[in-house]
Each structure stands twice: as structure tokens, then as C-alpha cells.
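Letter by letter, the chains look like this.
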Amino acid sequence: MEYRKDIDGLRAIAVLSVIFFHSGVTLFSGGFVGVDVFFVISGYLITSLVSNEIKEERFTFANFYKRRALRLLPALNVTLLIVLIFGFVFYNNSAFDNLGKEILFSALGLANILFAQGIDYFSNDEAYRPLIHLWSLGVEEQFYVFWPLILIFLLKFNHSFVLKSVLVLFFIFLWLSEYAIANESDGSYYYLQFRAFELLIGAVFALLPNRIDTRLNNIFSFIGVCFILTPMFLFDKYTNFPGVNALFPCLGTGLVIYFSRGTVISKLLGARLLVGVGLISYPLYLYHQPLISFLSYFELHLLPWTMVFIILAVCIPLSWGTYRFIEQPIRKKASKSVKHTRTSIVALVAFIPIFVISGALIAKGQGLPWRFSILNEFAYDLSEQNRMPFNEAFERGYQVEDGQRGNVLFIGDSVLQNYVVPLSNTFFKGKKIDVVSRGGCVLLKAVEFRDSFSDISCNDLREKLYEKDKLYDVVVISQSWALYDDNILNVNFAKNENENYNIQKWIRFLNETILHFKKYAKKIIVIGAHPKVHGTQELQPNILLTQKKYEKGLEKLSISNLTYLEESSSFFNKFNQSNKVVVLNPLKLWCQKTCITHNGSWSYFVDSQHVSFSSTNFLERQLQTNYANLIND
């Protein structure tokens, strides 16, 4: 195929927009559309290559997948290896367990399928998501499996039939994507069937007849650039995407590819700097997200443009080195002979089972806790103290025994889970405990909730919960009250307002929930706003952590939302209704004259919101001291 500098220039714009977006540059709030530009380019190039080879009767699946392996695997193997080593050294058991799954699925080209099970692409969780961007590579690799087969079948007929068929497929998959978004289907952002229309736009432009040189080419290519750039500035995480909105960057890319040759746009895109970035855009794309994740892990709190500068300063040389000293030598060696090709492919592919097995062992081994016991005994002791009490005694989801009567029911998200064990040990010993709980899930009555997870459906839990007419002595209700602004669909709130303003949105839902359970419970306990603790990240168990460094970190722990806790107390006190409804204020548990976050030896918090095994005795004492009379009345 003819090499085109302007396509590499497009790649440069695409990868830079993604880097700006992931770095938090607000000007590029829609920079995620750079991925869609990549999809169209891939669809165009693969269709052009495969259709030409099929027509010339020299296409073979072996050669096609050899080229794909030589293109994709070198930088991917480097990425997975770096992330695996970092995770082994720095991640705690839970985070390393999750990383094991991500490495396994990424090595198999299935990362998008894993992330579709419960990861919000727009969530601010960079510290433990170094491979979140590999969802797009999964989409492309799955497309490579099916598309050559479809093209071979279609090209048995005439060229006109192929183009019409691809257009039909394009509209079908576009409709599927738009339908999935409208119905908030799980995985609408990640799955191939909801992204295929973007790659097919590239295929359509590859199958169009050769264009005629006219003065309109400059106009069409300019319109294409506008279609690409405008969404980068106007779209944001609230934009329904992909669906119809993805047509702007995708059609824009197609217009530029089809019309730009010999135009002013082609000359601009063919500038040496853009072409240089475009040539290394693939490893640059792979490396930038792990670096963002690593920097976030150490809580450096960099300004967005500072983050961009560091990424470019580190990743461009690393990407160039990968391109110059790994990718190019492997391709040159593979091009010399069949023997050299086979050797290169075997060497590259051999890493796949290594990563698959490693990921499986990490996930099956629950994050390999033995690495701490062997390499850092203190980190092992810390990981034992950092166990979450709820996970030791209960299971998340719908854990309700059959029957018409029960003792205690807990409902809420993972923050509610902080108090299940201390309350049970203090006031409900020997009682039968039912729990309906899942992290990232609002279970208040009448809430219309956009769920970011799908392993256990939050909406199904809520529906099942309020269909039950079981009677209880006590019902305990709580959640993280400062979250979920973007997930509650049937309430108006002002974006970017302070936390105290947004807590008002719970009035209706909390009232309806209390009203519902008054029919089924003798007493209702509402747990108010929860502390948010700063400084927990550097106290995570890792192989390099020393006891001295940990003890210094304990001194830095602080509750960062004290004003919010104090102001929200008046909001929750409105729900105190004699003995029937009791409000339990976490501020009274954690802060008396001073706020307590550790016992001098161990932190009471695993992370900024969730308590550790070490906190259990402390919370039980505080509950007995502050709430014994209220609970036992």
C-alpha cells in the first residue's frame, strides 16, 4: 500500500488528544474521541490491504495475522511487563488481584469484555487502572478476527455489492450502539458490536471509487478536520457516546483520508513533527496510561499540563526507543525469510501464554500475598491488618434468609459495610443478620440509578429489596452520601456545587425509604455522613515499605472533609424521630476533642473511605460509649 504521511499526522492528533484528556486538561474534555479516529484509520487500512490482496489472489490468513502480530505485540508485551512488575512491587493484594485479571484479558485481546463488566471509563480511579485504555485494542483485535472472513465472503460478489453490504452493516451496528446508549445497556462503551460501525466507516471509505481531483477536495478535507477537532473541545463525560455522536470524529476522519491527498490539509498533517509522533503513536498510546496510573498511585497531585509535559517527556523517548530498537528490527528480521519470520512470531507470541498464566495465577492466588511474607514481613503483617471486616464475615449482594421475620437488616453500599461488623458485635450478638449491599450502589427507595457495574445489578438488588415484606427488629440504612451525582437520574442538582449542597438531593429518597421500612421494622437506624481520610495511599502494603516509613505516614493521616461532616449533621438530625428512627453520626465516632484515624501502630482505614480490621475494637467501644442508650431503647 502507498504510504501516506497525512494518515500518520491524523494518528498524532488522535494520540495527543487522548493524552490531553487522560491528563485532565479541561480544554480537551472530549479528547477521548481520539480513539474513534484510530478506529476509522484501522478500518480503512485493514480493508484496503485485505481487499487488494484478495483481488490479487495473494491473501492468506497466516500472512495477515503475522503482520498484525508484528505490529501489535512488541509494544504490548513491553507494556504488560512493565505494569506486571510495578503491580508486583507496589500493589496491595486486592489491587494486584484485579490487575492479574486485567493482564490475563489484555494478553488475550479481551480487555474490553472485562472492563464492560463493571468499569466506568470516565471514573477518577487512575491509580489502579494502568490498562484501562487497552479496551480499544481489544475492540480492534476482535475486529481483525471477523472482518477478513466477511470481506472474503462479500468479495465473491461484485464490488458494488460489497460497498452496499458494508453500508448496511454500518447502519445496523450504528443502530445497535444508539439503542444500547438509550437503554443504558451494560458495556455500551466497550463492546465490539457497539463500536463496529466506527471501523466500518473506515471500510466504506476504503471501498469507495478513487476520488476525482477537484477544488472541493480542500473544502471536504477542511470540513473533516473540523469534524474531528470540534468534539475534542465540546464533548465531555456527560455526552452520550458512542452512538450518533461518534459520527462526527469518525466521518471527519473518513473525509480527511479520502479527500486530503494533495490538499493544504495534507501538507499540514504531513508536517515532520506530526508524522514523527504518528509513527510512534501506537507505543505512545500504550505507555501513557500506565505512566498516569503510576504517578497517580504516588499521589503527586500534578496540574494537568504538568502531567502532559511529564508524559510527553517520558513516553516519547520510550516510544521512539521501542519503535527504533524493537519494532523495526523485528520487522526487518521477519522480512528477510520465512525462517526469520517464524522465529520472530514465535518469540512475540510466546509472551502471550506467559502473561495469561501470570494473570491467572495472580487472580486465582488473590493477589499473591506470599510475595509480602517472603520479601517484606512487615508488609505482610500490614496486609493482614488491612483486611476489611465485612469481607471476612459477610458477602455482598442480596443475602436475605427466607422467612417472615428477621432480627436485623443492613442496606447500603461499601461504606455501609464499614459498620456492619462493629454494630453486629456491639448490639446484635446472636441475632440473625440480613444484608443487601454492593459497592457503588444506591439502594434507597424510588432512586433511578445509572449503574456503573454489572457483576451484581444494583437495580435488581433494589427491586428485590422493596418487593420483600419481611419484618425486622432493626433496619440499618447508609451509603456514601457525597457520591453518585452523575448516577442519580431522577433528581436535579448543580454540578460543581459543594458537597453540602448536593446532600440535599437525598431528602426525598431517604424519606421514602424510611416511610417504607416503618411498616416492617420496630427501629430504623440511619448512618450519616462518613469521614474521608487523606494520606492512606502511602500506607498501602508494598514490597518497598518499611515500618519506619509507615509510622511516619500514620502521623500524616487526617480527615479531610470535617466541614462537610459538621454541616451535614444538621441535615441528618432532621430524620431523628423519637425511638422509631435513630441517626448515628460517624463524626461522633471518629472525632471527639480530636479526630482519631489510627492506634499508633496501624491505620484504621484501608483507603480514604473504608475501615480496616484494626478499627473494629475501636468502633465497638465508640458505639457503646456514644449510642448504647439510643440503640437499646
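Our structure is the block above this text.
Residues numbered from 1 in each chain as written. Predicted model: local features only at pLDDT ≥ 70, side-chain atom pairs only at ≥ 80, totals over all residues. Heavy atoms only, no water.

Participant: Describe the overall build of the protein, with residues and values.
Facilitator: Per the secondary structure count, the protein includes 27 helices and 8 strands. Taken over C-alpha atoms, the radius of gyration comes to 28 Å for the protein, in line with the 26 Å a tight globule of 633 residues would show. If you line up the protein on its principal axes, its C-alpha atoms span 85 × 50 × 45 Å. Residues counted as buried form 56% of the 633 residues belonging to the protein. Considering only contacts within the protein whose residues lie at least 6 apart along the sequence, 80% involve residues at least 24 apart. Only carbon and sulfur atoms are counted for the fraction: they give 59% of the accessible area of the protein, which is about 28,300 Å². (Helix = DSSP H or I, 4+ residues; strand = E, 2+ residues; numbered from the N terminus. Rg over C-alpha atoms; globule rule 2.2 N^0.38 Å. Buried < 20%, exposed > 50% of the residue type's maximum accessible area, 1.4 Å probe, protein only. Contact = heavy atoms within 4.5 Å. Areas by Shrake-Rupley, 256 points an atom, 1.4 Å probe, with all protein chains shown as cover.)

Participant: I'd like to hear about the environment of Pro586, residue by residue, with values.
Facilitator: Here Pro586 is to be found in helix α26 (residues 586-590). For the pair Pro586 and Ile488, spaced 98 residues apart in sequence, the C-alpha to C-alpha distance is 24 Å.

Participant: Break down the state of the cysteines for me, with residues and values.
Facilitator: What the rule picks out here adds up to 2 disulfides. The residue that forms a disulfide with Cys441 is Cys458, at a sulfur-sulfur distance of 2.1 Å. Taking the torsion about the S-S bond as the criterion, the Cys441 to Cys458 disulfide, at about 80 degrees, is right-handed. Of this pair, Cys441 sits in the loop between β3 (433-437) and α21 (458-467) while Cys458 sits in helix α21; the two residues are 17 residues apart in sequence, bridging distant segments of the chain. (Disulfide = S-S within 2.5 Å.)

Participant: Please provide a residue-by-residue account of helix α4 (residues 93-107), values included.
Facilitator: One turn of the α-helix equals 3.6 residues, which is why residues spaced by three or four share an orientation. Its 15 residues place the ends of α4 21 Å apart at the C-alpha level, agreeing with the 21 Å of an ideal helix rising 1.5 Å per residue. Burial analysis of α4 places 11 of its 15 residues in the buried class, the great majority of the element. Buried residues along α4 sit in contact with α3 (61-90), α5 (111-115), α16 (351-364), α17 (370-375) and α18 (377-385). Between the side-chain oxygen at the start of α4 and the backbone nitrogen of Ser94 there is a gap of 3.3 Å, and the oxygen is on Asn92. Two residues or fewer past α4, Gly109 is found with a positive phi of approximately 75 degrees. (Expected span 1.5 Å × (residues − 1). Polar contact = N/O pair within 3.5 Å; in protein donor to acceptor, adjacent residues only side chain to side chain.)

Participant: Tell me about the sheet that holds strand β2 (residues 405-412), and name the residues and values.
Facilitator: The strands that make up a sheet are held in pairs by hydrogen bonds between backbone atoms, and each pair lies either parallel or antiparallel. If you trace the 6 strands from one edge of the open sheet to the other, you get β1-β3-β2-β4-β5-β8, paired in mixed fashion. Each edge of the open sheet is held by one strand with a lone partner, namely β1 (397-399) and β8 (581-584). Within this sheet the neighbouring strands show an average axis-to-axis angle of 20 degrees, counted without direction. Strand contacts of helix α20 (residues 417-427): β2, β3, β4 (471-477), β5 (521-527) and β8, with the helix running at about 150 degrees to β2, the strand carrying the most contacts. Seen against the sheet, helix α23 (residues 507-518) touches β2, β4, β5 and β8 and runs at an angle of roughly 155 degrees to β5. (Pairing = 2+ DSSP bridges. Axes fitted to C-alpha atoms, helices over the stretch in contact; angles between N-to-C directions.)

Participant: Give a description of the pairing of β8 that names residues and reports values.
Facilitator: Where a strand is regular, its side chains alternate between the two sheet faces. Burial along β8 is two-sided: the residues Val581 and Val583 and Val582 and Leu584 are all buried. As defined by bridge partners, β5 adjoins β8 across 4 bridges and the pair is classed as parallel. When the bridges of β8 are listed, Ile524 appears paired with Val581.

Participant: Outline unusual backbone geometry, listing residues and values.
Facilitator: Glycine aside, negative phi is the norm for most residues, and most peptide bonds take the trans geometry. With an omega of 5 degrees, the peptide bond between Phe241 and Pro242 qualifies as cis. Examined against the element boundaries, Pro242 turns out to sit in the loop between α9 (216-234) and α10 (247-259). Phi angles above zero are rare outside glycine, and Glu299 is one such case at about 50 degrees. For Glu299, the position within the fold is in the loop between α13 (281-297) and α14 (304-336). Glu299 sits in the partly exposed class, given a relative accessible area of 28%. The phi angle at Leu368 is positive, at roughly 50 degrees, despite the residue not being glycine. Locating Leu368 in the fold gives a position in the loop between α16 and α17.

Participant: If you had to explain the packing of α9 against α10 to someone new, which residues and values would you point to?
Facilitator: Between α9 and α10, the least distance of the axes is 7 Å, while the angle of their chain directions is 150 degrees. Regarding the angle of α9 to α10, the classification is roughly antiparallel. With respect to the hand of their crossing, α9 and α10 are arranged in left-handed fashion. Contacts between α9 and α10 pair Asn217, Phe220, Ser221, Ile223, Gly224, Val225, Phe227, Ile228 and Pro231 from the former with Phe248, Pro249, Gly252, Thr253, Leu255, Val256 and Phe259 from the latter. Across the contact of α9 with α10, the residue classes break down as 11 nonpolar, 5 polar and no charged. (Parallel < 35°, antiparallel > 145°, perpendicular 65-115°, else oblique. Left-handed = near helix turned anticlockwise from the far one by under 90°. Nonpolar A, V, L, I, M, F, W, Y, C, P; charged D, E, K, R; others polar.)

Participant: Go over the packing of α3 against helix α15 (residues 338-349) with me, naming the residues and quoting the values.
Facilitator: Look at α3 against α15: their axes get within 9 Å of each other, and the N-to-C directions meet at 45 degrees. It follows that α3 is oblique to α15 by the angle criterion. The handedness of the crossing between α3 and α15 comes out as left-handed. Where α3 approaches α15, its residues Lys66, Ala69, Leu70, Leu73, Pro74 and Asn77 are matched on the opposing element by Thr341, Ser344, Ile345, Leu348 and Val349. Residue classes in the contact of α3 with α15 are distributed as 7 nonpolar, 3 polar and 1 charged.

Participant: Mind laying out the environment of Pro290, listing which residues take part and the relevant values?
Facilitator: When you line up the elements, Pro290 lands in helix α13. Considering only alpha carbons, one finds Pro290 and Ala127, 163 residues apart in sequence, at a separation of 9.0 Å. The contact partners of Pro290, leaving out residues within four places of it in the chain, are Thr79, Val83, Pro130 and His133.

Participant: Break down the pattern of salt bridges for me, citing the residues and quoting the values.
Facilitator: With the rule as written, the count across this model stands at 19 salt bridges. Between Glu102 and Arg129 there is a salt bridge, with the nearest N and O atoms lying 2.1 Å from each other. With Glu102 in helix α4 and Arg129 in the loop between α5 and α6 (135-154), the pair connects residues that are 27 residues apart, well separated along the chain. Overall, Glu102 belongs to the buried group, its relative accessible area being 2%. The partner of Asp485 in a salt bridge is Lys505, with the nearest N and O atoms 2.5 Å apart. You can see Asp485 sitting in the loop between β4 and α22 (499-502) and its partner Lys505 sitting in the loop between α22 and α23, a full 20 residues away along the chain. Taken individually, Asp485 and Lys505 each receive the classification buried, so the pair is uniform in this respect. (Salt bridge = Lys/Arg side-chain N within 4 Å of Asp/Glu carboxyl O.)

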